[in-house]
Amino acid sequence: MMEYEKKVMLTSQEYGVLQHTLAEIHAPVILQTNYYFDTEDFSMCKKGITCRIRAKNQKYQAVIKEHHGADCSTEKILSENTEFAPCVFSPLGLRFQGKLMTKRFVLYKDKNCKMVLDCNEYLGITDYELEVEYQSGCENNAIQLLDEISDIFIAYGLLDSRSSFIDRVGRSKSKSERFFERKLQERR
């Protein structure tokens, strides 16, 4: 399955504004946990491949995700279970490396786009991000949603212009990249 998304890291203040103005009014919280697997030297991550089991709504989905630049990735679902089954990655020589927990609010959703606000906790770090997932051919819809978010930040005095926000889009690392970067730092 091909996935397209625009992602931008947020400050805690920006996250707070969106949570207050949009999420608390419109969106229930969704809790999910990503359990990451890789080789001892993180060879999968170095190749842009994420191997994870995502726990959400009491279901566990094992996925191999290949990143193709900032906006595009492909996902292959290996299994879906009602219990945690890390053995699915054993034949690949991968072992459990840790977990990342996300508190997610769906801020907007239609047939072409979904915008989510995430608070992520992993390895002693908390970070915040906004993601707009979109269908092929609907990139302009995603950009329009991001423009609307930048207008909120301008209204709250957090930004001077739309471009200062839009320039940040696509520059952040994926959740798994940030997780493994932190994991490497812990080893040093």
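The sections below set out a description of the structure shown in this document. (Residues numbered from 1 in each chain as written. Predicted model: local features only at pLDDT ≥ 70, side-chain atom pairs only at ≥ 80, totals over all residues. Heavy atoms only, no water.)

Quick look at the sheet that holds strand 8 (residues 125–134) now. Spatially, eight strands are ordered 1-5-4-3-2-6-7-8 in a closed barrel, and the strand pairing comes out antiparallel. Going from strand to strand, the sheet's axes swing by 35 degrees on average, the running direction of each strand aside. Bridging between strand 4 (residues 59–67) and strand 5 (residues 72–81) involves eight bridges; their strand directions are antiparallel. Paired with glutamine 61 across the strands is glutamate 80, a residue of strand 5. Packing of helix 3 (residues 139–155) onto the sheet brings it into contact with strand 1 (2–10), strand 6 (95–109), strand 7 (113–122) and strand 8, and relative to strand 8 it is tilted by some 135 degrees. (Pairing = 2+ DSSP bridges. Helix = DSSP H or I, 4+ residues; strand = E, 2+ residues; numbered from the N terminus. Axes fitted to C-alpha atoms, helices over the stretch in contact; angles between N-to-C directions. Contact = heavy atoms within 4.5 Å.)

Here the focus is the packing of aromatic side chains. Counted by the stated rule, this structure contains 13 aromatic pairs. Ring geometry for phenylalanine 179 against phenylalanine 180: centres 5.0 Å apart, planes inclined by 90 degrees, an arrangement best described as edge-to-face. This pair shows no difference in class: phenylalanine 179 is buried, exactly as phenylalanine 180 is. One aromatic cluster in this structure is built from Tyr35, Phe37, Tyr60, Phe84, Phe89 and Phe96. (Phe/Tyr/Trp six-rings, centres within 6.5 Å; stacked < 30°, edge-to-face > 60°. Buried < 20%, exposed > 50% of the residue type's maximum accessible area, 1.4 Å probe, protein only.)

Moving on, we get to the nonpolar core. The biggest cluster of nonpolar side chains holds 27 residues, and the ones touching the most others in it are Leu10, Leu18, Leu117, Leu130, Ile149, Phe153 and Phe165. Broken down by secondary-structure element, the contributors of at least two residues to this core are strand 1, helix 1 (12–26), strand 6, strand 7, strand 8 and helix 3. In terms of residue count, helix 3 provides more of this core than any other element does, six residues in total. In this structure, phenylalanine 165 is in contact with Val8, Leu10, Leu130, Leu146, Ile149, Ser150, Phe153 and Leu159, ignoring residues within four places of it in sequence. (Core = buried A, V, L, I, M, F, W, Y, C linked by side-chain atoms within 4.5 Å.)

The subject of this paragraph is the side chain of lysine 7. Mapped onto the elements of the fold, lysine 7 is located in strand 1. Judged by relative accessible area, lysine 7 falls into the buried class, the value being 6%. Separated by 2.9 Å, the side chains of lysine 7 and glutamate 131 make a polar contact. Apart from residues lying up to four places away in sequence, lysine 7 is in contact with Glu129, Leu130, Glu131, Arg168, Val169, Gly170, Ser172, Lys173, Ser174, Lys175 and Arg178. (Polar contact = N/O pair within 3.5 Å; in protein donor to acceptor, adjacent residues only side chain to side chain.)

Bringing unusual backbone geometry into the picture now. The phi dihedral of asparagine 57 is positive, around 55 degrees, even though this residue is not glycine. With respect to the helices, strands and loops of the structure, asparagine 57 is situated in the loop between strand 3 (49–56) and strand 4. A positive phi angle, near 45 degrees, is found at leucine 123, a position not held by glycine. For leucine 123, the position within the fold is in the loop between strand 7 and strand 8.

This part is about the side chain of asparagine 34. Mapped onto the fold, asparagine 34 is located in strand 2 (residues 29–38). For asparagine 34, a relative accessible area of 1% gives the class buried. Within the structure, the side chain of asparagine 34 is placed 2.8 Å from the side chain of arginine 54, a separation counted as a polar contact.

Everything listed here is a matter of geometry and, on its own, says nothing about what the molecule does.
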